[in-house]
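Secondary and tertiary structure notes
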Amino acid sequence: MIGVIIGTNRKNSLSRKVGIYYQKLLESLGAESQIIDLADLPEDFAFSALYHKSGTNDAFNQFQTIVDTTEKFVFIVPEYNGSFPGVLKTFLDGLRYPDSFNYKKAALVGISSGVQGNAVGLGHLNDILSYMGTDVLGLRIKLGSIRSHFNGEDFTFEVYRNFLERQAKQLIEF
């Protein structure tokens, strides 16, 4: 099972649509996956599930259980203010440390309206995941000018489709 983490809590986000595309891609390659959408996090989880309240929020604990039972992940990460959304960092901070992502595997996909495809944000996330003991796949996909190359269901730019398929295959074999 591969967890497809939607790295924003924005409802009906483009990130979610890219995540659904990735999930279908994994399915076409014979891999099972599930969407882990941060838009489904409890609204108050930053105050009700972290630090001294760790383990006390049943809704957040469901996310912890999914992470505990999943060995591979792909993060779909939009660019927010030159990095990645704060909700993704808060989500990672709320998970049990140090074992939640320790010895697990991850692939990173950045999306942005700009041309760099959230390269800087993926670098930040890579550092955090490495600190958490996660093996991060070397092929990080940076999908720049996303609105010009993705129609909400499919990529109109063949290069992006090819890179995503290549990464998905590597993640399955990783």
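Use the structure listed above.
Parameters and conventions
- Every chain is numbered independently, its residues counted from 1 as its sequence is written.
- Under the rules for a predicted model, residues below a pLDDT of 70 receive no local features and side-chain atom pairs below 80 are neither given nor counted, while totals for whole chains, interfaces and linings still include all residues.
- In computing side-chain properties, one takes all heavy atoms of the structure into account and sets aside hydrogens as well as water.
- Put simply, DSSP marks the helices as runs of H or I at least four residues long and the strands as runs of E at least two long, and each gets a number from the N terminus on.
- Accessible area is worked out with a 1.4 Å probe on protein chains only. A residue is then buried under 20% of its type maximum, exposed over 50%, and partly exposed in between.
- N or O atoms closer than or at 3.5 Å make up a polar contact, with two conditions inside protein: a donor-capable atom paired with an acceptor-capable one, and, for residues adjacent in sequence, both atoms drawn from side chains.
- The rule is short: rings of Phe, Tyr and Trp, with Trp giving its six-membered ring, pair when the centres are within 6.5 Å, and they are stacked under 30 degrees, edge-to-face over 60, tilted in between.
- Think of it this way: DSSP has to see at least two bridges between two strands before they count as a pair.
- By the criterion used throughout, a crossover qualifies as right-handed when its path from the first strand across the helix to the second strand runs clockwise, the strands pointing away from the viewer.

Moving on, we get to the side chain of threonine 70. Looking at where threonine 70 falls in the secondary structure, it is placed in the loop between helix H3 (58-68) and strand E3 (72-78). Judged by relative accessible area, which is 1%, threonine 70 ranks as buried. At 2.6 Å, the side chain of threonine 70 and the backbone oxygen of isoleucine 66 are in polar contact.

Throughout the structure, instances matching the rule amount to 13 aromatic pairs. With a centroid separation of 5.5 Å and 5° between ring planes, the pair formed by phenylalanine 45 and phenylalanine 60 is classed as stacked. Of this pair, phenylalanine 45 sits in helix H2 (residues 45-48) while phenylalanine 60 sits in helix H3; the two residues are 15 residues apart in sequence, bridging distant segments of the chain. Residue phenylalanine 45 shares its accessibility class with phenylalanine 60, and that shared class is buried. With 6.4 Å between their ring centres and 25° between their planes, phenylalanine 60 and phenylalanine 63 make a pair best called stacked. Here phenylalanine 60 pairs with phenylalanine 63, and both are found in helix H3, just 3 residues apart, close to one helical turn. We classify phenylalanine 60 as buried; its relative accessible area is 2%.

Looking now at unusual backbone geometry. Going from tyrosine 97 to proline 98, the amide bond is cis rather than trans, its omega being 15°. Its location among the elements puts proline 98 in the loop between helix H4 (86-94) and strand E4 (105-111). Notably, asparagine 12 is not glycine yet its phi reads approximately 55°, a positive angle. Note that asparagine 12 resides in the loop between strand E1 (2-6) and helix H1 (14-28). Looking at asparagine 12, the relative accessible area reads 69%, which means it is exposed. Here the phi dihedral of tyrosine 103 falls at roughly 65°; this positive angle occurs in a residue that is not glycine.

Attention now moves to the pairing of E4. For E4, a buried count of 6 out of 7 residues is recorded, marking the element as mostly surrounded by other parts of the structure. The pairing of E3 with E4 spans 7 bridges and is parallel. When the bridges of E4 are listed, valine 74 appears paired with alanine 107. The β-α-β motif built from E3, the intervening H4 and the parallel element E4 has right-handed crossover chirality. As judged from the 3 bridges shared by E4 and strand E6 (residues 141-143), these two strands associate in the parallel manner. Within E6, the residue paired with isoleucine 111 across the bridge is leucine 143.

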